[in-house]
Structures are given as C-alpha cells and as structure tokens.
Amino acid sequence: MVRIISMASSIRPSLSSFRISSCSSRLGVPLSSFNPSRKLVFSHLASAVPQSQLFGLKASKPLRGDANNVGVASAGNVSQASTSAAQENALEWVKKDKRRMLHVVYRVGDLDRTIKFYTECLGMKLLRKRDIPEERYTNAFLGYGPEDSHFVIELTYNYGVNKYDIGTGFGHFGIAVEDVAKTVELIKAKGGKVTREPGPVKGGSTVIAFIEDPDGYKFELLERGPTPEPLCQVMLRVGDLDRSINFYEKAFGMELLRKRDNPEYKYTIAMMGYGPEDKNAVLELTYNYGVTDYDKGNAYAQIAIGTDDVYKTAEAIKLFGGKVTREPGPLPGINTKITACLDPDSWKTVFVDNVDFVKELE
C-alpha cells in the first residue's frame, strides 16, 4: 500500500472560519450553532455524574503529615491506588460496552457530484439526504446497507465552500470488492481517477488498487469474497503507533486485530476494530518511520461510534489520557446523547448513544 510521508508546507484557515458542521453534523446541529447557554447544559449534565461515582474512584481525604511528609506520601499512594482501581473498572466496562463504528464524516465541495461518483462508480446507495438552510449546510448519507447495521459515509456540504485541504494525516478509505480489475475499468469508464493500477500489495498477495474521488479523497479497493461490510477501512496516520494502540484498546475498547511492520518501505500498520476485518469496518493506523506529526487539514472530520452510555464513555476516555471536547449529554432539540473526544494525535471521534441513534433513524 502506498504511504504518504511528506508534510504539507502550509495550513489552510481554521475550521472556525467556515460555517462547518462538526461532530454533531450528523444530527443536524453544526458546532457553530451552539451558544454559551447551550454549553451550560452539557456542563451541568456532566457534573451530575462525576467520575468518582462512575468507576468507583473515591477522593482521598488530606492527611496531616509530620516533618517527613509521611501523610502526604500516604495520600498520594491512596490516590494512585484509587485511580488504578477506577481504570480497572473502566477497562472492564469498556470491553463489555456494545460498540460499533457507525459512520465517518467528511466535507466535500460539490455534493451532487460526489453522490453521482459514489453511486455510479463505487456502487453505494444514497440512504438519505438532509438540507439545513438556516445553518447553510447539507448532509448526505451513503453506504452499502442500512445505517442501523452498516458502517456508512456522511458527506457534508457547507454552502459556498467548494474546496478543502485534506492534509497529510488522513490516508484513505477501504472498500472490499470481488473483482478489483473489473471495478477499476468501470471507474475509468466513468471518468474516475486511478492512482494505482490493480496488483498485489507490496509484500503480500492481496490484489488492491487506489482511486481518487472528485475531492481528492483516496479509496483503496481490496479484492475479497462476499462481505457484509464492503466499506471496510478508514486509514489514519499517527505519530506513535504503540501509544495509539494502547489508547484505542483501553479508551475505545477496540481489539488489535493485526500488526505488520514493513521495514523495506519504512512503515508499520495496526488494524483496530470491534470484530474480524472480513465482517466489520476497522481503523487502520499507520506509522511512517520518523514522522511524528501530520497536517490534519480541514476536510476530514471524524468517526462516530455507538455506545450504551456516553457518560461512562467520556470518563473512561479521560482516565486513559484522552481529551473530551464535548461533555456527554443530549443535543438540544434532538435529545440524542453524544460525547466527543480527541485521541493522542488529535483525531476526533464522536460517541453516540445506541438507543438514541436507533430512535433518530426511526
């Protein structure tokens, strides 16, 4: 597989300069629409269920120490033991939580053009489309099956924004097809751009090809037999693979499905997910030797994952070193509970309450 290790020389304007739907765009409420009074709702809800109650972390009482600070040391030991116990409880809960990758969100410059390419060239179905004129954006959901059982794509078009910077951190999406060569010929016939002709992956036997959509997002076509989850991968580049694996295992409850080092081409990959690669969408983390930071651009947004409890999810993320960017709670006017966070490389993920998600689809 082709790995990009060059760094972008410049950074485009920040997302705040556009009216862009963020972690809640799937729910029709762009981040820019939230005002301070709404943020207070989340703060209140989060404080109602403190971390100490969720995973048994008890605040230790200050102890009076003598000149040798024995009390201070004892307090520190108690605090450390309590934190360790809380992490163990959180890890146990995370592993039992019913989680599934729901969809991936990113921005495009021409929604109808992208929908046409995905449906005609990649065989996806337009599942639903939603226009929010008061917030000046439109969403389209595409995939290979219903949202309640398949990993799908959420496209976001922001009025008047026709181009985005993909950056160097985002890699590609993966699609499993039964005949890569035949799919590539179809894409060529429709005017699509093929950046890597069909052939065995370097160092392996799986037949792959790479194409680009009209906005420059790369798709890897992987030759496989019939699968219930054709939209099968999201590849992101990270600066410390072991750190990322540890975070996704503990905070997200993912399983390390496989890890492969390719010293000849100076990169290592790790496949993370909630089930076997041939039946589930997975996250492919790529580490390029010596590269510790990437330009994220402003095109790719985030992955959404289902959970039984957004409050416990948020606290587990904090316990294992993640940064919660949206405290858990319901979205105003929709009541779907979510929480959002950043991983150690600042890749964003939104967790959505499983029951609320099903209700929303209904």
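Higher on the page you've got the structure.
Remember, predicted model here, so these are calculated numbers, not experimental data.

### Thoughts on the overall build of the chain
Then step 1. Regarding its fold elements, the chain presents eight helices and 16 strands.
Then step 2. Going through the 362 residues of the chain one by one, you find that 51% of them count as buried.
Then step 3. Here the contacts in the chain between residues at least 6 apart in sequence split such that 67% fall between residues at least 24 apart.
Then step 4. Summing over all exposed atoms, the chain offers an accessible surface of approximately 16400 Å²; the carbon and sulfur share of this is 51%.

### Overview of the sheet that holds strand E3 (residues 137-143)
Then step 1. Read across the open sheet, the eight strands follow the order E2-E3-E4-E1-E13-E16-E15-E14; overall the sheet is mixed. Of all strands in the sheet, those with a lone pairing partner are strand E2 (125-132) and strand E14 (323-330), marking the two edges. Ignoring strand direction, the axes of neighbouring strands in this sheet form an average angle of 20°.
Then step 2. Here strand E1 (residues 100-107) pairs with strand E4 (residues 152-158) via five bridges, running parallel. Within the sheet, the bridge partner assigned to Val105 lies in E4 and is Glu154.
Then step 3. On the sheet, helix H4 (residues 111-121) packs against E1, E2, E3 and E4 and is oriented at approximately 0° with respect to E3.
Then step 4. Packed on one face of the sheet, helix H8 (residues 354-361) meets E1, E2, strand E13 (300-307), strand E15 (337-342) and strand E16 (348-353) and runs near 80° to E16.

### Side note on empty space enclosed by the protein
Then step 1. Per the counting criterion, the structure on display carries three cavities of 30 Å³ or more.
Then step 2. Of the volumes computed, that of the largest cavity is approximately 60 Å³.
Then step 3. Along the walls of the largest cavity sit Leu236, Tyr248, Phe252, Met254, Leu283, Tyr300, Ile303, Ile305, Trp347, Lys348 and Thr349, which together make up its complete lining.
Then step 4. If you tally residues by element for the lining of the largest cavity, the top one is E13, at three residues.
Then step 5. Looking at side-chain class alone, the lining of the largest cavity contains nine nonpolar, one polar and one charged residues.

### Topic: the sheet that holds strand E11 (residues 267-273)
Then step 1. Strand order across the open sheet formed by eight strands is E6-E7-E8-E5-E9-E12-E11-E10, with mixed pairing between neighbours. The sheet terminates laterally at strand E6 (193-200) and strand E10 (255-262), the two strands that pair on one side only. Mean inter-strand twist for the sheet, computed between neighbouring axes without regard to direction, equals 20°.
Then step 2. Here five bridges tie strand E7 (residues 207-212) to strand E8 (residues 218-223), and the two strands are oriented antiparallel to one another. Bridge pairing links Phe210 to Glu220 in E8.
Then step 3. Strands E10, E11 and strand E12 (282-288) of the sheet are contacted by helix H6 (residues 241-250), whose axis makes an angle of about 0° with E11.

### Focus on the side chain of Asp213
Then step 1. Tracing the backbone through its elements, the reader meets Asp213 in the loop between E7 and E8.
Then step 2. Arg113 provides the closest opposite charge to the buried, unpaired Asp213, separated from it by 7.2 Å.
Then step 3. Only 2.9 Å separates the side chain of Asp213 from the backbone nitrogen of Asp215, close enough to count as a polar contact.
Then step 4. Separated by 2.9 Å, the side chain of Asp213 and the backbone nitrogen of Tyr217 make a polar contact.
Then step 5. Ignoring sequence-local partners within four residues, the contact set of Asp213 consists of Phe117, Tyr118 and Phe219.

### Considerations on the environment of Phe173
Then step 1. The residue Phe173 is located in strand E5 (residues 170-177) in this model.
Then step 2. Taking the C-alpha atoms as reference, Phe173 lies 6.2 Å from Met235; in sequence the two are 62 residues apart.
Then step 3. Those residues in contact with Phe173, other than ones at most four positions away along the chain, are Val104, Tyr106, Tyr217, Lys218, Phe219, Glu220, Gln233 and Val234.

### Some thoughts on the packing of aromatic side chains
Then step 1. Counting across every chain of the model gives 16 aromatic pairs.
Then step 2. Relative to Tyr217, the ring of Tyr106 has its centre 4.4 Å away and its plane inclined at 55°; by these criteria the two rings are tilted. Here the residue Tyr106 occupies a position in strand E1, and Tyr217 occupies one in the loop between E7 and E8, the gap between them amounting to 111 residues.
Then step 3. With relative accessibility at 1%, the residue Tyr217 sits in the buried group.
Then step 4. Judged by centre distance (5.4 Å) and plane angle (25°), the rings of Phe170 and Tyr300 are stacked. Separated by 130 residues along the polypeptide, Phe170 in strand E5 and Tyr300 in strand E13 bring together distant segments of the chain.
Then step 5. Ring pairing ties together the aromatic residues Tyr106, Phe117, Tyr118, Phe170, Phe173, Tyr217, Phe219, Tyr300 and Trp347, which thus form one cluster.
Then step 6. Directly above the aromatic system of Phe141 lies the positively charged group of Arg128, at a separation of 3.8 Å from the ring centroid.

### Some points on H8
Then step 1. All of the buried residues along H8 are Asn354, Asp356 and Phe357. The buried residues of H8 all sit within an arc of 160° when viewed along its axis, so they share a single face. Residues Val355 and Lys359 are exposed on H8 and point more than 90 degrees away from its buried face.
Then step 2. On its buried face, H8 sits against E1, E13, E15 and E16.

### Points about the nonpolar core
Then step 1. Grouped together as the largest cluster of nonpolar side chains are 66 residues, with contacts concentrated most on Tyr106, Tyr118, Phe219 and Phe252.
Then step 2. Per-element tally for this core: the top contributor is H4, with five residues.
Then step 3. Apart from the residues within four sequence positions on either side, Tyr106 is in contact with Tyr118, Ile153, Glu154, Leu155, Thr156, Phe173, Tyr217, Phe219, Ala299, Tyr300 and Ala301.
Then step 4. Listed in part, the eight residues of the second largest apolar core include Ala304, Ala340, Val350 and Phe357.

Rules behind the numbers
- Residues numbered from 1 in each chain as written.
- Predicted model: local features only at pLDDT ≥ 70, side-chain atom pairs only at ≥ 80, totals over all residues.
- Heavy atoms only, no water.
- Helix = DSSP H or I, 4+ residues; strand = E, 2+ residues; numbered from the N terminus.
- Buried < 20%, exposed > 50% of the residue type's maximum accessible area, 1.4 Å probe, protein only.
- Contact = heavy atoms within 4.5 Å.
- Areas by Shrake-Rupley, 256 points an atom, 1.4 Å probe, with all protein chains shown as cover.
- Pairing = 2+ DSSP bridges.
- Axes fitted to C-alpha atoms, helices over the stretch in contact; angles between N-to-C directions.
- 1 Å grid on protein atoms, 1.4 Å probe; cavity = no way out; pocket = protein on both sides within 12 Å on 5 of 7 lines; lining within 4 Å.
- Points joined across faces, edges and corners; volume = space filled by probe spheres on them.
- Nonpolar A, V, L, I, M, F, W, Y, C, P; charged D, E, K, R; others polar.
- Lys, Arg positive; Asp, Glu negative; His and termini not counted.
- Salt bridge = Lys/Arg side-chain N within 4 Å of Asp/Glu carboxyl O.
- Polar contact = N/O pair within 3.5 Å; in protein donor to acceptor, adjacent residues only side chain to side chain.
- Phe/Tyr/Trp six-rings, centres within 6.5 Å; stacked < 30°, edge-to-face > 60°.
- Lys NZ or Arg CZ within 6 Å of the ring centre and 35° of its normal.
- Arc of directions from axis to C-beta.
- Core = buried A, V, L, I, M, F, W, Y, C linked by side-chain atoms within 4.5 Å.

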